[in-house]
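Residue-level structure breakdown
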Amino acid sequence: MAPINANDINDAKAFVPAKKALPEVDTEGSNGNGTTSKGYSYETLLEIANFLISRVSDTPRIGIICGSGMGSYWKEGSLAETISDAVKISYEDIPNFPVSTVEGHHGQLVFGKICGIPVVAMQGRFHYFEGYPLWKCCLPVRVMKLIGIKTLIVTNAAGGLNPNYKVGDIMIVKDHINMMGFSGNNPLHGPNDERFGPRFPPMSKAYNFEYRKIAKEIAKELNIDDIVREGVYTCLGGPNFETVAELNMLKMVGVDSVGMSTVHEVITARHCDLKVFALSLITNECVTSYDIIGEANHEEVLDVGRMRQDVLRQFVSKLVERITQLDANSP
Ligand SMILES: O=P(O)(O)O[C@@H]1C[C@H](O)[C@@H](CO)O1
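What comes next is a walk through the structure. (Residues numbered from 1 in each chain as written. Predicted model: local features only at pLDDT ≥ 70, side-chain atom pairs only at ≥ 80, totals over all residues. Heavy atoms only, no water.)

**Regarding the nonpolar core**
If you look at the biggest cluster of nonpolar residues, it comprises 52 residues, and the most contacted ones within it are Leu 52, Ile 94, Phe 97, Leu 109, Val 143 and Leu 152. Other than its neighbours up to four places away in sequence, Phe 97 contacts Ile 48, Tyr 91, Leu 109, Phe 126, Leu 139, Pro 140 and Val 143. In terms of nonpolar packing, the next biggest core, distinct from the first, is built from 34 residues, Ile 62, Ala 80, Val 110 and Ile 172 among them. (Core = buried A, V, L, I, M, F, W, Y, C linked by side-chain atoms within 4.5 Å. Buried < 20%, exposed > 50% of the residue type's maximum accessible area, 1.4 Å probe, protein only. Contact = heavy atoms within 4.5 Å.)

Printed below as a string of structure tokens:
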């Protein structure tokens, strides 16, 4: 084969299409390999929280992060769009807040009520693959804590790795494997401010046991227990979907669903002592064999999210109600 010379390379460059303007992502705080070198100070986050508090009348009790199917993409009928007395604040209008760059993500906080209970919902989240360092993806969790929430409900779309799972199933997350954390990429990386939480927070009870129990009861009441599962979630950095070999490795270590969010949000929430419930909507079957013809794609993720939004709305609404009752009766 003829060696490549410098002229060939210059010719090849001529065919590179002109760059399209991309959404601006503030990667401040990323030290180049995606790990955190600094985050916003407690005072800056307090300023953001106070800005939001000045615009709403009720202190939310529960924060909800809407993944696909819960209103991050599909508006009508989604949980976020059925919040009553809604005050919507666009991320762009919040000082020092990141902005959503994923196509179709609404990018707003929705303050209001579900079953009469004050909540705040993130309609659109921040993903690592957008270019944000993990601490910035999780900044809203700390802001919601400062605003006054006690509980965080996190939802996501995920690929089903457990062979018993079907597209459209809802998986209650009982635990996670922090794959990105194995290489040191963690939202808590960097100096620790004790006002948020301890240097070395435990994660062995990250997903509240009582909440999971309630969720299973609700599944029975709603007659959807045949589609509700419980399992282990992992988050990869994305944005590409996984290879067959990667998925088989994850299956071997006990992963049931695979996504690109949630884990770092939950770590941040537990660090600042929020109680956590999380669920995955299984939007596609993971491709674990080279014989399988189909491939994962984002359109399918969105379609299944839209298909299941009514069920998710009912499920999470009831959860909000019952979690509030449970916490009111516990010390
Ligand atoms: O915000 P989530 O986690 O629901 O976003 C979905 C899942 C992946 O992150 C991405 C790819 O489809 O969209």
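**Quick look at the site of the ligand**
Contacts to the ligand come from 13 residues, most closely from Arg 125, His 127, Ala 157, Ser 261 and His 298. Arg 125 has a polar side-chain atom sitting 2.8 Å from an oxygen atom of the ligand. Between an oxygen atom of the ligand and a side-chain N or O atom of Ser 261, the distance comes to 2.8 Å. Starting from 330 Å² of accessible surface for the ligand in isolation, the protein chains cover 95%. Among the secondary structure elements, those contributing two or more residues to the shell around the ligand are strand E5 (151–160) and helix H9 (298–307). Classifying every residue of the shell around the ligand by side-chain character gives six nonpolar, six polar and one charged. (Near = heavy atom within 4 Å. Polar contact = N/O pair within 3.5 Å; in protein donor to acceptor, adjacent residues only side chain to side chain. Areas by Shrake-Rupley, 256 points an atom, 1.4 Å probe, with all protein chains shown as cover. Helix = DSSP H or I, 4+ residues; strand = E, 2+ residues; numbered from the N terminus. Nonpolar A, V, L, I, M, F, W, Y, C, P; charged D, E, K, R; others polar.)

**Some points on the side chain of Asn 178**
Position of Asn 178 among the secondary structure elements: in the loop between strand E6 (170–177) and helix H5 (179–182). For Asn 178, a relative accessible area of 17% corresponds to the buried category. A polar side-chain atom of Asn 178 sits 3.0 Å from the main-chain amide nitrogen of Gly 181. Leave out the neighbours within four places in its chain, and Asn 178 touches Asn 186, Val 263 and Ile 267.

**Regarding helix H7 (residues 244–252)**
Turning to H7, its buried residues are Val 244, Leu 247 and Leu 250. All buried residues of H7 lie within an arc of 125° about the axis, which places them on one face of the element. Trailing H7 by a residue or two, Gly 254 shows a phi angle of about 100°, which is positive. (Arc of directions from axis to C-beta.)

**Overview of the packing of aromatic side chains**
Across all of its chains, the model carries six aromatic pairs by this definition. With a centroid separation of 5.0 Å and 50° between ring planes, the pair formed by Tyr 42 and Phe 196 is classed as tilted. One end of the pair, Tyr 42, is in helix H2 (residues 42–53); the other, Phe 196, is in the loop between H5 and helix H6 (209–221), with 154 residues separating them in the sequence. Taking 5.7 Å as the distance between ring centres and 75° as the angle between the ring planes, the aromatic pair formed by Phe 126 and Tyr 132 counts as edge-to-face. Judged by relative accessible area, which is 1%, Tyr 132 ranks as buried. Among the aromatic residues, those joined into a ring-pair cluster are Tyr 91, Phe 97, Phe 126 and Tyr 132. The aromatic ring of Phe 51 is capped on one face by Arg 55, whose charged end is 3.7 Å from the ring centroid. A cation over an aromatic ring shows up here: Arg 142 above the ring of Phe 196, its NZ or CZ 4.1 Å from the ring centre. (Phe/Tyr/Trp six-rings, centres within 6.5 Å; stacked < 30°, edge-to-face > 60°. Lys NZ or Arg CZ within 6 Å of the ring centre and 35° of its normal.)

**Comments concerning a nonpolar patch on the surface**
Taken together, the side chains of Met 249, Met 252 and Val 253 define a hydrophobic patch exposed on the protein surface, amounting to about 330 Å² of accessible area. As for its position among the elements, Val 253 is in the loop between H7 and strand E8 (257–259). On the basis of relative accessibility, which here comes to 49%, the residue Val 253 falls in the partly exposed class. (Patch = residues over 30% accessible without salt bridge, like charges linked within 9 Å, V, L, I, M, F, W, Y side chains within 5 Å. Salt bridge = Lys/Arg side-chain N within 4 Å of Asp/Glu carboxyl O.)

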